[in-house]
Amino acid sequence: QVQLVESGGGLVQPGGSLSLSCAASGGIFSLYDMSWYRQDPGEQRELVATITSGGSTNYRGSEKGRFTISRDNAKNTVYLQMNNLKPDDPAVYYCHACRVAGGAEVTYWGKGTLVAVSS
């Protein structure tokens, strides 16, 4: 069982930056593809960025160039650096871990961290 704990959310002014972290425990972190999702109230969770176990990254279009996902396998942590935050960026941001084991997809979610943007 993998536990994921997000941190780093908060209130920032438009154009500001935040750095989210997600600390994992209870599994072999380096085997997992790690992602950040966002969820607005009443909406489904949307994928923001993914970093695979091999280090490849992928971003949703609106965040590309502003957000950077990275991982430190030695610290069992995945990060999301968020720059130039915009008024439509506020949401709860969730950490997600995924791997295929025995032919089945195994996934875990964190509890989320709130990002707010306001002047």
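Before going into details, it helps to say that this report is about the structure given with it. Note that the structure is predicted; figures quoted are calculated from it, not measured.

Digging into unusual backbone geometry
The phi dihedral of Asn76 falls on the positive side, at around 55 degrees, and the residue is not glycine. Structurally, Asn76 can be placed in the loop between β7 (67-72) and β8 (77-82). Of note, the phi angle at Asn84 is positive, near 50 degrees, even though the residue is not glycine. Here Asn84 lies in the loop between β8 and β9 (91-101).

Quick notes on the state of the cysteines
Each disulfide is one covalent bond, formed between the sulfur atoms of two cysteines. On inspection of all chains with the given rule, the structure shows one disulfide. Here Cys22 is linked by a disulfide to Cys95, with a sulfur-sulfur distance of 2.1 Å. Of note, the bridge from Cys22 to Cys95 carries an S-S torsion of about -85 degrees and is left-handed in sense. Residue Cys22 is found in strand β3 (residues 18-25), and its partner Cys95 is found in strand β9; the two are separated by 73 residues along the sequence. The class of Cys95 is buried, set by a relative accessible area of 0%. Here Cys98 is not cross-linked by a disulfide; its sulfur's nearest cysteine counterpart is in Cys95, at 12 Å.

What about the pattern of salt bridges?
For the structure on display, the rule yields four salt bridges. Put simply, Glu46 and Arg60 hold a salt bridge, and the shortest N to O gap is 2.8 Å. Of the two residues, Glu46 is situated in strand β5 (residues 46-51) and Arg60 in the loop between β6 (57-59) and β7; the sequence distance between them amounts to 14 residues. Judged by its relative accessible area of 25%, Arg60 falls in the partly exposed class.

Some thoughts on the sheet that holds β8
Strand pairing in a sheet relies on backbone hydrogen bonds. The paired strands run either parallel or antiparallel. Taken in spatial order, the four strands line up as β1-β3-β8-β7 in an open sheet, and their pairing is antiparallel. Where the open sheet ends on each side, the last strands, each with one partner, are β1 (3-7) and β7. Put simply, the sheet's adjacent strands are angled 15 degrees from each other on average, direction ignored. Strand direction decides the pairing type here: β1 and β3, joined by five bridges, are antiparallel. Within β3, the position partnered with Val5 by the bridge is Ala23.

Basis of the calculations
Residues numbered from 1 in each chain as written. Predicted model: local features only at pLDDT ≥ 70, side-chain atom pairs only at ≥ 80, totals over all residues. Heavy atoms only, no water. Helix = DSSP H or I, 4+ residues; strand = E, 2+ residues; numbered from the N terminus. Disulfide = S-S within 2.5 Å. Buried < 20%, exposed > 50% of the residue type's maximum accessible area, 1.4 Å probe, protein only. Salt bridge = Lys/Arg side-chain N within 4 Å of Asp/Glu carboxyl O. Pairing = 2+ DSSP bridges. Axes fitted to C-alpha atoms, helices over the stretch in contact; angles between N-to-C directions.

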